[in-house]
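Structure at a glance
As a plain string of letters, each chain reads:
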Amino acid sequence: MKVYFAPQSRAVRTVWLLEEIGLPYELEKFQLGQKEMRAPDYTTINPNGRVPTLVDGDVTISESTAIAQYLAAKHAPELAPGPEAGNFAEYLQWLHYAEGMIMPPINNYVVETVLLPPERRNDEIAMRALKLLNRTLAAVEHHMEGREFLAGDFTIADTITGHAVIMARRLGADFSNLPNLSAYADRLEARAALQAAETA
């Protein structure tokens, strides 16, 4: 099993899950923005030139949430509640919350504060993105009252939306009034599997 990977990207989610499951994998490492990500050798594997991409035998799959669902279905069904589970709907909502709600403002904020050259950055757009990010996190804060993980026990939703929460905190989202989310992020960051993924 091979993972095309870059540090501080969504690819961390994939390696984190592989570490949680205990599956062996090989890393093909990039740095974000590296020109080799847009070269034909890689775009024949992932036409978008993005990470992560997982190659598992004859299967090639990208998109971190899809990869998580694939890995859980094949190797760790206990991390992905099925339709018969009482927490199925809750699990689905929080599995998809990251990409639907948290990551769009994160993406806009990173573009305006990191990726664009200083002369092209727009502080107004950056601050609007940060304000929206703080609003999306407030919903997770409310949900996490009295909970350790998003959907009862630890699931792949925690490797996706949990990772987005961690990235939001690192980017400077306001966690001063988010005690539940702060404790949740701390719990996730203490997991050995995530620590292994972040030092890969």
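Relevant structure appears above.
Let me sum up the structure you'll find in this document. Numbers given to residues run from 1 along each chain, matching the order in which its sequence is written. A pLDDT threshold of at least 70 governs which residues receive local features in this predicted model, and a stricter bar of 80 or more applies before side-chain atom pairs are shown or counted, although totals over entire chains, interfaces and linings include all residues. Based on all heavy atoms of the structure, the side-chain values leave hydrogens and waters out of the count.

What to know about the packing of aromatic side chains
Working definition: rings of Phe, Tyr and Trp (its six-membered ring) pair if their centres are within 6.5 Å, and the pair is stacked with planes under 30 degrees apart, edge-to-face with planes over 60 apart, and tilted otherwise. This model, assessed by the stated rule, comprises 6 aromatic pairs. Geometrically, the ring pair formed by Tyr-4 and Phe-30 is stacked, given 6.4 Å between the ring centres and 20° between the ring planes. Remark: Phe-30 occurs in the loop between β2 (26-29) and α2 (40-43) and Tyr-4 occurs in strand β1 (residues 2-5); sequence separation between them is 26 residues. The residues Tyr-4 and Phe-30 share a single accessibility class, namely buried. A ring pair is formed by Trp-16 and Phe-154, whose centres lie 6.2 Å apart and whose planes are at 50°; its orientation type is tilted. Only DSSP runs of H or I covering at least 4 residues are called helices, and only runs of E covering at least 2 are called strands; the numbering of each starts at the N terminus. The buried label goes to any residue with under 20% of its type's maximum accessible area, the exposed label to any with over 50%, and the partly exposed label to all in between, with areas taken from a 1.4 Å probe on protein chains only.

Considerations on the sheet that holds β2
When DSSP finds two or more bridges between a pair of strands, those strands are recorded as paired. What the 4 strands build is an open sheet, ordered β2-β1-β3-β4; its pairing is mixed. Sheet topology places β2 and β4 (59-62) at the edges, where each strand pairs with a single neighbour. On average, adjacent strands in this sheet sit at an angle of 20° to one another, irrespective of strand direction. Taken together, the 3 bridges between β1 and strand β3 (residues 53-56) define a ladder with antiparallel strand orientation. Within β3, the residue paired with Lys-2 across the bridge is Val-55. Contacts from helix α1 (residues 11-21) reach β1 and β2, with the element oriented near 150° to β1. Comment: axis = line fitted to C-alpha atoms, over the contacting stretch for helices; angle = value between 0 and 180 degrees taken between N-to-C directions. Between two residues, a contact is recorded if the distance between any of their heavy atoms is within 4.5 Å.

Comments concerning the side chain of Thr-53
When you line up the elements, Thr-53 lands in strand β3. The exposure class assigned to Thr-53 is buried, which follows from its relative accessible area of 1%. Between N or O atoms, a polar contact is any pair within 3.5 Å; within protein, one atom must be a potential hydrogen donor and the other a potential acceptor, and residues adjacent in sequence are included only when both atoms are from side chains. There is a polar contact of 2.8 Å between the side chain of Thr-53 and the side chain of Tyr-42. Side chain to side chain, Thr-53 and Asn-46 meet in a polar contact 2.9 Å long. Other than its neighbours up to four places away in sequence, Thr-53 contacts Lys-2, Val-3, Tyr-4, Tyr-42, Ile-45, Asn-46, Thr-60, Ile-61, Ser-62 and Ile-67.

Observations concerning the side chain of Asp-56
Mapping Asp-56 onto the fold places it in strand β3. Within the structure, Asp-56 has its side chain in polar contact with the side chain of Tyr-70 (distance 2.7 Å). With residues near it in sequence (within four places) discarded, Asp-56 still touches Met-1, Tyr-70, Lys-74 and His-75.

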